[in-house]
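Breakdown of the fold
For reference, the chains in residue letters:
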Amino acid sequence: RWEEEKAADGVKWTQLEHRGPYFAPLYEPLPEDVRFYYDGKPLKLSLATEEIATFYAKMLNHEYTTKEIFQTNFFHDWRKEMTSEEQEIIQDLDKCDFSEIHKYFVDQSEARKALPKEEKQKLKEEADKIQEEYGYCILDGHREKIGNFKTEPPGLFRGRGNHPKMGMLKKRIMPEDVVINCSRDSKIPEPPEGHKWKEVRFDNTVTWLASWTENIQNTLKYIMLNPSSKLKGEKDWQKYEVARRLKDVVHKIRAQYRADWKSKEMKKRQRAVALYFIDKLALRAGNEKEEGETADTVGCCSLRSQIFSGQPLPGLHHPHREEFLSHLNLLFQFVAIPLILSLQFLGGVSPPFVLSPFPQTNFLNKHLQNLMDGLTAKVFRTYNASITLQEQLKALTNPEDNTGGKLLSYNRANRAVAVLCNHQRSVPKTFAKSMEILQAKIDAKKKQVEEAQQEVKKAEDEFEDTKDAKAEVNVEKKKKLLKRLEEQLARLEVQATDKEENKQIALGTSKLNYLDPRISVAW
C-alpha cells in the first residue's frame, strides 16, 4: 500500500472521511443524600460549582491535593465559576469538606469492579460500539484506525513535577471549540444536536482530523490517526531510515566532537560538549522557557551550574551527578563526566561550579544538519535506543530458553533502552497488592510441584516392585504432569522478576517512538 502512486509534495491524502470527535458525557448531578459541607454545615451548590467540586473530591487521596500550588490554583478557578451567593459564603478552602462526595465516587468505583460478568460484557459492547462508530476513518479508500477519538473530559490540570499551573480548571470541550478537517467530497461529520463546529476545513497538507485549543497552556490539541495507520507508519519508517544513516557516520561524529573539546574556539568547545550530552545521555536539545508558564524542565542547551553537585560515585575518579528535570519532569540522577569536561566547563572537579554557557538550540541544530542531512537531537535518541535494543537482545537472549525466558530477555533489553532515555514512572498504587497475589500463586504452584514430585517417586517405586506395564504408563503420566507444573512455576517466577524490575520503568514510550520495529521482528 505504501508503494501506491505518491501524491504531490506536501499532499498527505486525497480522501478523508470521519465522524468527528466523541465528546465527554455531560455532568450528572450528585444524589440528594451526597452533600458538600462548608464550615461544618451542608451547602447546596449550583450545578457548575458542584461539578468542579467533584473534580477535587475525586482526587482527595492523591498527593496533588496536598500541594499548596494545586490548592491555590483550584480554589481560584473554582471561585470564578461560582454564583455570587456562593462566592460570598465559600471563602476558605480549609473550611470545605468534600469527604462525602469522595466516598460516593470511591463506592461507585468499587461497585463497577464488583459488577457481574454479564454487566461488564454489556459495558464492553457499548464501548466497542462507540469505537466502531468514531474510532475509524476512510483515508484514500482505506479504513484506518484513529488514535485518540475522544475529547478529554473536564477536570483539574495535573501537569508533571511541580507544574506552576497544576490544579487549574480544564474546561469542557464543546463542538463550538472544534475545527473539523476532511475532504470536500466526503460526508461532513454532524455536530451534536443544538451545536455547530467552530470551523470545517479541507486541508490535505496536514494529517489531523480535528483540533481545538485547550485553555490551560493555550496549546492546540489534535485528533490524529493511530500509530498503525499508513500515514504514521510511513513517517516512522522514514524516521528509522534516518537513524540507520546515522549508524554509518556516528563514529566520525564522535571522534570529531571529542577532538573539539580541546579546540581554541569557545563556540566549538560548547558545541562539542552539547553533542556529547545529546549522544551519551540521550538528552533533548532544550529551549528557553517563560517563567511561571511551564514546568521547570531543562534540556541540553538550558543546563544550569546548580545541577552539578560533584558528589563522587563509587569507582569513578572525577564524577559529577546531575539532578534535573528532563522533558517529562523526571529526575535524572547520574553521571560520570570526563575529566576534561569537568575542568573546562565546570571550572574544576568540585563545587562551586561555573558552567560555561551552552550554545543556542538553533546554532546546535544547524551544526547537526551540517554533520548529516536530517540529523537532529531526536535522531541521536532514536539511533542510540534502537542500537541498544539490538545489542542487548544479542547479549541477553539464550536460544535454549523457553518462551517466558525469552520474553524476559526482550523486556530486559527494552528496559535498558527505557533507562537510557530516562523513561521512568512512579510505582503503581496496585503494585504491592498485585505482587502479593502473584507470590501467593507461586507458593501454591511450588506446593503442587512438591506434591507431583512425591507422586512421581511413588509411581516409580510401584513400577520397581511390579514391573507392570500399567505402572509404567502411570510413571510417564505423573512425569508429564510434573513437567507441566514446573513449566507453569517457571513462567510465574519469570513474571514476578519481570514485574519487579519493571515497577519504575515505562517501556511503552520507547517501544512506540524510539525502537525500529524491524529489530523486534528480526529477533
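Calculation criteria
Residues numbered from 1 in each chain as written. Predicted model: local features only at pLDDT ≥ 70, side-chain atom pairs only at ≥ 80, totals over all residues. Heavy atoms only, no water. Helix = DSSP H or I, 4+ residues; strand = E, 2+ residues; numbered from the N terminus. Buried < 20%, exposed > 50% of the residue type's maximum accessible area, 1.4 Å probe, protein only. Contact = heavy atoms within 4.5 Å. Areas by Shrake-Rupley, 256 points an atom, 1.4 Å probe, with all protein chains shown as cover. Patch = residues over 30% accessible without salt bridge, like charges linked within 9 Å, V, L, I, M, F, W, Y side chains within 5 Å. Salt bridge = Lys/Arg side-chain N within 4 Å of Asp/Glu carboxyl O. Lys, Arg positive; Asp, Glu negative; His and termini not counted. Charge placed at Lys NZ, Arg CZ, Asp CG, Glu CD. pLDDT = per-residue confidence, 0-100. UniProt positions renumbered as here; feature names shortened; annotations may be inferred. Expected span 1.5 Å × (residues − 1). Pairing = 2+ DSSP bridges.

Here we take up the overall build of the protein chain. A tally of regular secondary structure across the protein chain gives 15 helices and 14 strands. Burial analysis of the protein chain (523 residues in total) assigns 39% to the buried set. Here the analysis covers contacts within the protein chain between residues at least 6 apart in sequence; of these, 66% occur between residues at least 24 apart. Looking at the protein chain as shown, the accessible area adds up to about 30900 Å², and 51% of this sits on carbon and sulfur atoms.

A cluster of basic side chains, namely Lys12, Lys232, Lys235 and Lys378, defines a positive patch on the protein surface. As for its position among the elements, lysine 235 is in helix H6 (residues 230-260).

Overall, the prediction assigns the protein chain a mean pLDDT of 84, with 84% of residues at 70 or greater. Confidence over residues 288-293 falls short of pLDDT 50; this stretch has nine contacts with residues more than four positions distant or in other chains. Contacts for the low-pLDDT stretch residues 309-334, under 50 throughout, to residues beyond four places or in other chains number 82 contacts.

Moving on, we get to the UniProt feature "active site" (unreviewed entry) in the protein chain. Sequence positions flagged by UniProt for "active site" (unreviewed entry) are, in local numbering, Tyr514. Note that tyrosine 514 resides in the loop between helix H14 (508-513) and helix H15 (517-522).

So, about helix H13 (residues 469-502). If you check H13, its first and last C-alpha atoms are 50 Å apart, about what 34 residues at 1.5 Å a residue would give, namely 50 Å. Inspection of H13 places Ala471, Val475, Leu482, Leu485, Leu489, Leu492, Ala496, Asp498 and Asn502 among the buried residues, and these make up the whole buried set. Where H13 is buried, its residues touch helix H11 (403-420) and helix H12 (431-466).

In this sheet, strand S6 (residues 142-145) lies alongside strand S5 (residues 136-139) in antiparallel orientation, the contact comprising four bridges. The residue of S6 that forms the bridge with leucine 139 is histidine 142.

What follows concerns unusual backbone geometry. Although it is not a glycine, aspartate 140 sits at a positive phi angle of roughly 50°. Structurally, aspartate 140 can be placed in the loop between S5 and S6.

Okay, the environment of alanine 282 next. Within the element layout of this structure, alanine 282 appears in the loop between helix H7 (266-280) and strand S13 (322-325). What makes alanine 282 buried here is its relative accessible area of 1%. Spatially, the C-alpha atoms of alanine 282 and asparagine 422 are 8.3 Å apart, while their sequence positions differ by 140 residues. Alanine 282 has contacts with Phe277, Arg381, Leu420 and Cys421, leaving out every residue within four places of it along the chain.

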